[in-house]
Amino acid sequence: MDQQFASDNYAGICPEAWQAMQEANAGSAVSYGDDDWTHRAADGFRTLFETECEVFFVFNGTAANSLALAALCQSYHSVICAETAHIVTDECGAPEFFSNGSKLMTVPAHDGKLTPGAIRAVARSRSDIHFPKPSVVTITQPTEVGTVYTLDEVRAISAVCRELGLKLHMDGSRFGNACDTLGCSPAEASWKAGVDVLCFGGTKNGMAVGEAVLFFDHALAFEFDYRAKQAGQLASKMRFLSAPWVKMLETGVWRKNAAHGNACAQRLMGAIGDLPGVGAMFPVEANSVFLRAPEPVLEALRDKGWRFYTFIGGGARFMFAWDADPARVDALGADIRAAALG
Ligand SMILES: *Cc1c(COP(=O)(O)O)cnc(C)c1O
């Protein structure tokens, strides 16, 4: 089919990740993660993040988030998150399931973001034994609506977490996009800003499959390997999850891919930013554009064959991956223009 921008998961595997899979396929290797590729990938993260973090590889983001949160919670605890958080809306109860019932406490979120005030309000609302005890705050970076927390915003949230004795988890399924937007290092975007655990997405960054779970506080990683195994997330041929990371990190393509997606979102905005009655629902700060448009405009786009999801606020979501073709982005922009002005 012609390239579509309904999801960044429509994209294939980038050449660097593909090449790594091929190299990893030359001969045999030790199973269950005790192989050279996996050691190299873990070390690659330690180099990139400038710290001796604990690194684990799992198949997908739902598992990464759910198992990381479960590691930070007892079953009687709660997790404070934005009402739009992927863990609430798109993980089918997996965080509650893997934590044996830790409650997700949702907070209204402007532009997809949690604020220190909202966190404090929930965490302080009750302190009696009848209420699930807040244990973790989770933020999504970039958010589900394509905005990016500034470093100051992350630092302010981590300061409240420290004040209230909460851990800070970051769902970074598009972490690379956030680093590009912020123009900062991965370390600055995570542990240096107070993040305790980061789920770093590989799938949306150009890999076939796989997310890395990074614990910056070693104590929090206690027995995480057992947790991942029990959840069916320990790959027996682990090298095929880890080898792509080696090349993604060594070549810096993780950042290049993200920058390309971000640039394509800006490219689309450049083509449609001046249109009357049509525009972005949220600040465009990463690789997505949520288009606010009258239903006839959306209908005209569907008629032209464009695919998109409208499950957030009636807007049309367009996501740009590592492989987004600028000519296709321009074609989309032209069709939006024609539909809006038509
Ligand atoms: C895609 C995504 C994930 C991971 O989802 P899986 O389908 O389980 O890999 C996690 N968080 C956010 C915000 C996402 O967009």
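Right, let's walk through the structure included here. Keep in mind that what you see is a predicted model, and the values were worked out from it rather than measured.

**Points about a nonpolar patch on the surface**
Next up, step 1: A contiguous nonpolar patch, built from M1, Y10, Y309 and F311 and spanning about 480 Å² of accessible area, is present on the exposed surface.
Next up, step 2: Tracing the backbone through its elements, the reader meets Y309 in the loop between α13 (295-303) and β10 (316-319).

**Some remarks on the nonpolar core**
Next up, step 1: Within the largest apolar cluster, 56 residues are counted, with the highest numbers of intra-cluster contacts made by F45, V137, F200 and W245.
Next up, step 2: Take this core: its biggest share by element is 6 residues, from helix α11 (residues 239-251).
Next up, step 3: In this view, F200 contacts F45, L48, F49, G172, F175, E211, A212, W245 and W254; residues no more than four positions away in its chain are not counted.
Next up, step 4: By size, the runner-up hydrophobic cluster in this structure holds 25 residues, among which are C264, W306, F308 and I336.

**Brief notes about the sheet that holds strand β1 (residues 54-58)**
Next up, step 1: Pairing within the open sheet is mixed, and its 7 strands lie in the order β1-β7-β6-β5-β4-β2-β3. A single partner strand is all that each edge strand has here, and the edge strands are β1 and β3 (103-107). Strand-to-strand twist across the sheet, computed as the mean angle between neighbouring axes with direction ignored, equals 20 degrees.
Next up, step 2: Of the strand pairs in this sheet, strand β2 (residues 77-82) and β3 are connected by 5 bridges, and their pairing is parallel. Within the sheet, the bridge partner assigned to V79 lies in β3 and is L104.
Next up, step 3: Against the sheet, α11 engages β1, β6 (197-201) and β7 (211-215), with an angle of about 120 degrees to β1.

**Regarding the environment of C161**
Next up, step 1: Relative to the helices and strands, C161 is located in helix α7 (residues 151-164).
Next up, step 2: A relative accessible area of 1% places C161 in the buried class.
Next up, step 3: Along the chain, C161 and G194 lie 33 residues apart, while their C-alpha atoms are 8.9 Å from each other.
Next up, step 4: Not counting residues up to four positions away in its chain, the partners in contact with C161 are V137, L166, K167 and L168.

**What about the pairing of strand β5 (residues 167-172)?**
Next up, step 1: A large share of β5 lies buried, amounting to 5 of its 6 residues.
Next up, step 2: With 5 bridges joining them, strand β4 (residues 133-140) and β5 adopt parallel strand pairing. Its bridge partner lying in β5, V136 is registered against K167.
Next up, step 3: Tracing the backbone out of β4, into α7 and back to the parallel element β5 gives a crossover that is right-handed.

Conventions adopted
- Residues numbered from 1 in each chain as written.
- Predicted model: local features only at pLDDT ≥ 70, side-chain atom pairs only at ≥ 80, totals over all residues.
- Heavy atoms only, no water.
- Patch = residues over 30% accessible without salt bridge, like charges linked within 9 Å, V, L, I, M, F, W, Y side chains within 5 Å.
- Areas by Shrake-Rupley, 256 points an atom, 1.4 Å probe, with all protein chains shown as cover.
- Salt bridge = Lys/Arg side-chain N within 4 Å of Asp/Glu carboxyl O.
- Helix = DSSP H or I, 4+ residues; strand = E, 2+ residues; numbered from the N terminus.
- Core = buried A, V, L, I, M, F, W, Y, C linked by side-chain atoms within 4.5 Å.
- Buried < 20%, exposed > 50% of the residue type's maximum accessible area, 1.4 Å probe, protein only.
- Contact = heavy atoms within 4.5 Å.
- Pairing = 2+ DSSP bridges.
- Axes fitted to C-alpha atoms, helices over the stretch in contact; angles between N-to-C directions.
- Right-handed = clockwise from strand over helix to strand, strands pointing away.

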